[in-house]
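Coordinates in review
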Amino acid sequence: MLTKALIAARDIGRMRDIASVMVKYGFGDLVGRIGLGGLLERAGHMLHSTQIEEAAQLPPAVRVRRALEELGPTFVKLGQVFSTRVDLFPADWIAEFERLQNQVPSVPFAEIHAQLEEDLGMPPETAFAEIDPVPLAAASIAQVHRAILHDGTDVVVKVRRPGIETIVEADLRLLKRLATVMEAESPDLRRFQPQVLVRHFRNSLLRELDLASECRNAERIAASFAAHPEIVIPTVYWPWTSERVNVQARIVGIPAGDVDAMDAAGIDRKVVARYGAQIVLKMMFEDGFFHADPHPGNVFFLPGNRLALIDFGMVGHLSDARRHQLIDLMHALVRRDAIRCADVLTDWTDDASPDKFEALVEDLEAFLDRFHGVPLKQLSLGGMLGDIASILRDHHLALPPELAMVMKVFVTLEGMGRKLDPDFDMASEAAPFVRREMLARHSPEAILRRLGKSSRQALTLLESLPADLASLVRRVRHGELRVKFDVERLGHVGDQVAHSANRLTVGIVIAALIVGSSIVMTVEGGPTLLGLPLFGLAGFLCSVLGSIWLLFSIWRSGGGK
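Calculation criteria
Residues numbered from 1 in each chain as written. Predicted model: local features only at pLDDT ≥ 70, side-chain atom pairs only at ≥ 80, totals over all residues. Heavy atoms only, no water. Patch = residues over 30% accessible without salt bridge, like charges linked within 9 Å, V, L, I, M, F, W, Y side chains within 5 Å. Areas by Shrake-Rupley, 256 points an atom, 1.4 Å probe, with all protein chains shown as cover. Salt bridge = Lys/Arg side-chain N within 4 Å of Asp/Glu carboxyl O. Lys, Arg positive; Asp, Glu negative; His and termini not counted. Charge placed at Lys NZ, Arg CZ, Asp CG, Glu CD. Helix = DSSP H or I, 4+ residues; strand = E, 2+ residues; numbered from the N terminus. Pairing = 2+ DSSP bridges. Contact = heavy atoms within 4.5 Å. Axes fitted to C-alpha atoms, helices over the stretch in contact; angles between N-to-C directions. Expected span 1.5 Å × (residues − 1). Buried < 20%, exposed > 50% of the residue type's maximum accessible area, 1.4 Å probe, protein only. Polar contact = N/O pair within 3.5 Å; in protein donor to acceptor, adjacent residues only side chain to side chain. pLDDT = per-residue confidence, 0-100. Phe/Tyr/Trp six-rings, centres within 6.5 Å; stacked < 30°, edge-to-face > 60°. Lys NZ or Arg CZ within 6 Å of the ring centre and 35° of its normal.

Digging into a negative patch on the surface
A cluster of acidic residues, Glu362, Asp363, Glu365, Asp369 and Asp394, forms a negative patch on the protein surface. When residues in the negative patch are grouped by element, the largest group, four residues, is from helix α19 (residues 354–369). Position of Asp394 among the secondary structure elements: in helix α20 (residues 381–394).

Here is the structure:
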């Protein structure tokens, strides 16, 4: 059934492409394991042996990265999501995923002109005083053109690639099927939770396809920093913005990676490094909504030590409960409290196994002991979180996607900060936020709010209790009450019952053979062996063999216990 689903007529061409690329980069065994043997054979015929041999010489991480690049936009995006999963992949794999480039050949302006006219409601030459047909940048999902509004405002027009949604939908459908098969067929891959990864990736990619959603994200973050003139978020021009196109103010600044240009422009790198840290920390700890891709290409520095953020297609959300857990983890790390660290991590991973917990605490204690006596300003918070992720991988624990994203952002942010300022201290920047949030959580107002919420919930429960009891009594009276037991290892108990029944059956057959053979031994005539009836001897021999098997079976199962 799964194989038939995978090679559905509408997707068979794409699946053949995927199988071909996987074989080319040495993953033919995986193609076979997920039930694509026929496609594997066809793909093998389309490739030269030299291609497979050359790819086989590459490290596994490089082969995966190249395969994702060759598979196109959806898979490039998947690799970029993998680059945030520091809890699942080691550093060399993360480094390869980070090399996945969004830069792809642009679509000729003539090919996007009709779509632009449809979305704008008029020809782009009419909507704008000027629009450059040569894009500033082209990515897998969209490309960006410079334009000028009729009032002289310099803007960028981001246009989704024509037909990209059809390709993405087909790839997502296939990825979902592949994840289902991989999780069912491969125990080695199951711990990576393929279905969870694909579901998270699907939600992220569909949001990114909606260019209007990116603008809503930008305005939400801009509102949060309205009182901070040193933080610049591009203005959105909604009359020209829709699902397939958005128009934002053009940011002209110095990319975060160009340190020499910053020095030449007189920008204080220490100041802007602190700004960058405080922006992200505020988004995470206070707002619970953050820019999830703050790499140097999305961060610009402006005169007056101002900092601009662009591209809000990838964002992260943290519920109040998740924010509290993150703060608890940071606090435990600074205090070197291994047990509290383990509490938070097992809450995150939903794995409360006592054996795993004790082993995790032991490893965390050894890890934190390395920082005994180290001053706060000398701690590398990003490095510590990276090591925590490594410990989680060793224990086969996976974080929820949004928290894996948080870890990745911290590591990236600290790396950027250290490049701008060698003395940058992420732990010291985070400490005031942690203290503030801890105090706010235990303030009288917060305690009263929680008590009020709990009281309302208790009152609601008491209010519904009579009706619930009446419903329960009615079910009991009418014999409709059902009690469901979910007994652990029930399948094993069933197997034991089946084995016992088999042994009982064999015992009855043996007893019948003995009785029947005894009767045959008393009957005269027929073939004989050593003067005894042959059939009687055969019956006794079968009885002896059956008895030996029965005794051995009982002994092997522990005496039937």
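Let's talk about the pairing of strand β10 (residues 306–309)
Of the pairings in the sheet, the one linking strand β5 (residues 231–232) to β10 comprises two bridges and is parallel in character. Among the inter-strand pairings, Ile231 is bridged to a residue of β10, identified as Leu307. In terms of strand pairing, strand β9 (residues 299–302) meets β10 through four bridges, oriented antiparallel. Paired with Phe300 across the two strands is Ala308, which belongs to β10. The hairpin formed by β9 and β10 contains three residues between the paired strands, and Gly304 there has a positive phi angle of roughly 85 degrees.

What to know about the environment of Gly546
Mapped onto the elements, Gly546 comes out in helix α25 (residues 534–556). Sequence spacing of Gly546 and Leu513 is 33 residues, and the spatial spacing of their C-alpha atoms is 9.9 Å. When near neighbours in sequence (up to four residues on either side) are disregarded, Gly546 contacts Val506 and Ile510.

Focus: unusual backbone geometry
A negative phi angle is the norm for most residues apart from glycine, just as the trans form is the norm for most peptide bonds. One non-glycine residue, Asn305, adopts positive backbone phi at about 55 degrees. With respect to the element layout, Asn305 can be found in the loop between β9 and β10.

Regarding the sheet that holds β9
The strand order across the open sheet built from four strands is β5-β10-β9-β7, with neighbouring strands paired in mixed fashion. Two strands lie at the open edges of the sheet, namely β5 and β7 (254–255), each paired on one side alone. In terms of strand pairing, β7 meets β9 through two bridges, oriented antiparallel. Paired with Pro255 across the two strands is Phe300, which belongs to β9. Running over the sheet, helix α16 (residues 269–287) touches β5, β9 and β10 and is turned about 45 degrees from β10.

Here's the deal with the pattern of salt bridges
Overall, the coordinates contain 27 salt bridges when judged by the stated rule. Between Arg146 and Asp154 there is a salt bridge, with its nearest N and O atoms 3.1 Å apart. The salt bridge involving Arg418 is made with Glu414; its shortest N-O contact spans 3.7 Å. You can see Arg418 and its partner Glu414 sitting in helix α21 (residues 401–420), four residues apart, about one turn around the helix.

Describing the environment of Leu58
In this fold, Leu58 is placed in the loop between α5 (49–56) and α6 (60–71). Remark: the alpha-carbon pair of Leu58 and Gly26, spanning 32 residues in sequence, is separated by 9.6 Å. Among all residues touching Leu58, those that are not within four sequence positions of it are Arg63 and Arg66.

Some points on α16
A rise of 1.5 Å per residue sets the reference length of α16, with its 19 residues, at 27 Å; its end C-alpha atoms lie 26 Å apart and thus fit the reference within 8%. Taken residue by residue, α16 has Val272, Ala273, Gly276, Ala277, Ile279, Val280, Leu281, Lys282, Met283, Met284 and Phe285 as its buried positions. Where α16 starts, the residue carrying a side-chain oxygen 3.1 Å from the main-chain nitrogen of Lys270 turns out to be Asp268. The first or second residue beyond α16 is Gly288, which carries a positive phi of 70 degrees.

Notes on the confidence of the model for the protein
With 80% of its residues at a pLDDT of 70 or more, the protein shows a mean pLDDT of 80. Note on residues 1–7: pLDDT under 50 across the span, and 13 contacts to partners over four residues away in sequence or across chains.

Side note on the packing of aromatic side chains
Taken as a whole and assessed by the stated rule, the structure comprises eight aromatic pairs. Ring centres of Phe82 and Phe89 lie 5.3 Å apart, and the angle between their planes is 45 degrees; this geometry places the pair in the tilted category. With respect to burial, Phe82 and Phe89 carry one shared label: buried. Between Phe82 and Phe97 the ring centres are 5.5 Å apart and the planes differ by 55 degrees, which places this aromatic pair in the tilted class. Residue Phe82 is located in helix α7 (residues 73–82), and its partner Phe97 is located in helix α8 (residues 91–98); the two are separated by 15 residues in the primary sequence. In this structure Phe82 comes out as buried when scored by relative accessible area, which is 15%. Through pairs of rings, three or more aromatic residues link up here, namely Phe82, Phe89, Trp93 and Phe97. Between Lys282 and the ring centre of Phe225, over which it is positioned, the NZ or CZ distance is 5.0 Å. One Lys or Arg, Arg436, reaches over the ring of Phe433 and ends 4.7 Å from the middle of that ring.

Description of the side chain of Asn246
The residue Asn246 is located in strand β6 (residues 245–249) in this model. In terms of polar contacts, Asn246 uses its side chain to reach the backbone carbonyl oxygen of Leu211, at 3.1 Å. At a separation of 3.3 Å, a polar atom in the side chain of Asn246 contacts the side chain of Gln248. Excluding anything up to four places from it in sequence, Asn246 contacts Val156, Val157, Lys158, Leu211, Glu214, Cys215 and Thr241.

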